[in-house]
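# Observations on the three-dimensional arrangement
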Amino acid sequence: MKTIEDLKRLREELKTKNNLRHEGGTQIIVGMGTCGIAAGARQVMTAVLEEVAKRKLEDVKVCQTGCIGMCEKEVLLDVVRPGEPRITYGRVTPADVPKIIAEHVVNGRIIAELAVGKITE
Amino acid sequence: MREISLHILDLVQNSNEAGATAVKLEIIEDLSKDSMIIRVSDNGRGMNKQLRQLVIDPFITTRTTRRIGLGLPLMDMSTKRCGGYLNIDSTPGEGTVIEAMYQHSHFDRPPMGNLVETIKSILVANAALQFSYYHTVNNKTLTVSSQEISDILDGVPLTQPDVLIWLHGYLSDNIANLYGGAKDENN
């Protein structure tokens, strides 16, 4: 059974690594309003976290947001790479997540057929 | 919503949108009383009496002032169908307490569902939120606090891959332990 003590040990191990990055990474944002949750946002979030763990992505930040008014296109998932426009993907399923992470988050290639919006800051 | 754990995720997002910085989730399952109580308390902006009555009505939404939708009405409906209630206690400027009660053994009670993923999502995707989770099943209790975890992590984010793997294992093992080792309440 995993315990808090395991986390303390893990923290000690991580201290010796110097590749920890806390800021400046890519952001992944999942819509978690009632509409998002009802459409399967938690399963999408689970898939994102699994993929981050599996691919050992050290500089990805995962957040949630509420309803932004595009309820019919939920689950919405946004990817923001530093210095690039914010891309919103719509009707995302857990099966789409590995592709979005491999193509966009890791390699910077926007998946046009899944994208529903783009915000340039 | 098919799972109580999805309602919980929804309630916590409501607290977020009310500007809460601290949210406490309590789940109290007492089989001797045949009850399951879900209580979410936050320190958000709170609601006045009028708004508190409005939020339960799905057909009155005040989208211009606040985002109010189907979340609370759906949960209200699901508790009432199961011999329970949904109670809202709120003070403007101080916060809100939502308490939902279900008759534990009720035929129509939705399953708790994947509580591990709900708690994990809340902790990871709301890094700035002070979140605490207390869960009691009969005489067994589990407490998880985002403060304790972030103190130990000392600057390492929860999204660090090895930390994510730990978190998943920690929550799965300890929540399963509450139910006597079963990974699902139906097994």
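Residues numbered from 1 in each chain as written. Chains lettered and ligands numbered in written order. Predicted model: local features only at pLDDT ≥ 70, side-chain atom pairs only at ≥ 80, totals over all residues. Heavy atoms only, no water.

## As for the overall build of chain A
Each helix and strand counted, chain A has four helices and five strands in total. Counting from the amino terminus, chain A carries its helices and strands in the arrangement α-β-α-α-β-β-β-α-β. The principal-axis extents of the C-alpha atoms in chain A amount to approximately 45 × 35 × 25 Å. In chain A, which comprises 121 residues, the share counted as buried stands at 48%. Within chain A, contacts between residues separated by at least 24 positions form 65% of all contacts whose residues are at least 6 apart in sequence. Summed over all atoms, the accessible surface of chain A reaches about 6100 Å², with 49% contributed by carbon and sulfur. The positive charge centre, built from 19 side chains, and the negative charge centre, built from 17, are 2 Å apart in chain A. (Helix = DSSP H or I, 4+ residues; strand = E, 2+ residues; numbered from the N terminus. Buried < 20%, exposed > 50% of the residue type's maximum accessible area, 1.4 Å probe, protein only. Contact = heavy atoms within 4.5 Å. Areas by Shrake-Rupley, 256 points an atom, 1.4 Å probe, with all protein chains shown as cover. Lys, Arg positive; Asp, Glu negative; His and termini not counted. Charge placed at Lys NZ, Arg CZ, Asp CG, Glu CD.)

## Observations concerning the interface of chain A and chain B
Each partner contributes to the interface: chain A provides 34 residues, whereas chain B provides 42 residues. For the pair chain A and chain B, the summed buried surface comes to about 3500 Å²; carbon and sulfur atoms form 65% of the total. Contact with chain B buries surface across chain A, with A:K2, A:L7 and A:R42 losing the most and accounting together for 21% of the total. Inspection of the region where chain A meets chain B yields two salt bridges. (Buried area = accessible area lost by both parts, 1.4 Å probe. Salt bridge = Lys/Arg side-chain N within 4 Å of Asp/Glu carboxyl O.)

## A short note on the sheet that holds strand β3 (residues 85–91) of chain B
Residue and element names in this part refer to chain B. Strand order in this open sheet of six strands is β3-β4-β2-β1-β5-β6, and the pairing throughout is mixed. Each having just a single partner strand, β3 and β6 (140–145) make up the two edges of the open sheet. Taken over all neighbouring pairs, the strand axes of this sheet differ in orientation by 10° on average, direction set aside. Along the sheet face, helix α1 (residues 4–17) touches β1 (22–30), β2 (35–42), β4 (95–103) and β5 (130–137) and points at about 20° away from the line of β2. Lying over the sheet, helix α3 (residues 71–80) contacts β3 and β4, oriented at roughly 30° with respect to β4. (Pairing = 2+ DSSP bridges. Axes fitted to C-alpha atoms, helices over the stretch in contact; angles between N-to-C directions.)

## Some points on the packing of aromatic side chains
Residues and elements named next belong to chain B. Using the criterion set out here, one finds one aromatic pair over all chains in the structure. Residues W166 and Y170 carry aromatic rings whose centres are separated by 4.7 Å and whose planes lie at 15° to one another, so their mutual orientation is stacked. You can see W166 and its partner Y170 sitting in helix α6 (residues 161–178), four residues apart, about one turn around the helix. (Phe/Tyr/Trp six-rings, centres within 6.5 Å; stacked < 30°, edge-to-face > 60°.)

## Brief notes about the packing of helix α1 (residues 4–16) of chain A against helix α5 (residues 146–153) of chain B
Two elements in contact, α1(A) and α5(B), have axes separated by 9 Å at closest approach and are oriented at 30°. Judged by the inter-axis angle, α1(A) sits roughly parallel to α5(B). Here α1(A) contributes A:I4, A:L7, A:K8 and A:R11 to the contact with α5(B), which in turn contributes B:E148, B:I149, B:I152 and B:L153. Among the residues making up the contact of α1(A) with α5(B), the classes are represented as five nonpolar, no polar and three charged. (Parallel < 35°, antiparallel > 145°, perpendicular 65-115°, else oblique. Nonpolar A, V, L, I, M, F, W, Y, C, P; charged D, E, K, R; others polar.)

## Comments concerning the packing of helix α3 (residues 41–54) of chain A against α6(B)
When two helices pack together, their arrangement is given by the angle between the helix axes and by the axis-to-axis distance. α6(B) packs onto α3(A) with a crossing angle of 130° between their chain directions and a minimal axis gap of 8 Å. Between α3(A) and α6(B), the angle is such that the two are oblique. In the crossing of α3(A) with α6(B), the sense of the turn from one axis to the other is left-handed. Packed against α3(A), whose contacting residues are A:L49, A:V52 and A:A53, the element α6(B) presents B:P161, B:L164 and B:I165 at the interface. For the contact of α3(A) with α6(B), a count of residues per class yields six nonpolar, no polar and no charged. (Left-handed = near helix turned anticlockwise from the far one by under 90°.)

## Examining the confidence of the model for chain B
Summary statistics for chain B give a mean pLDDT of 91 and a share of 92% for residues scoring 70 or more. Here the predicted complex carries an ipTM of 0.90, next to a pTM of 0.92. (pLDDT = per-residue confidence, 0-100.)

## A look at the sheet that holds strand β4 (residues 86–89) of chain A
Residue and element names in this part refer to chain A. Here five strands make up an open sheet; going across it, the order is β2-β1-β3-β4-β5 and the pairing mixed. Of all the strands in the sheet, the pair left with one neighbour each is β2 (60–65) and β5 (115–119). The sheet shows a mean angle of 20° between the axes of neighbouring strands, direction not considered. Direction of pairing for strand β1 (residues 26–31) relative to strand β3 (residues 77–80): antiparallel, over a ladder of four bridges. In the sheet register, Q27 faces β3, and the bridge partner there is V80. Running at roughly 25° to β3, helix α4 (residues 97–106) makes contact with β1, β2, β3 and β4 of the sheet.

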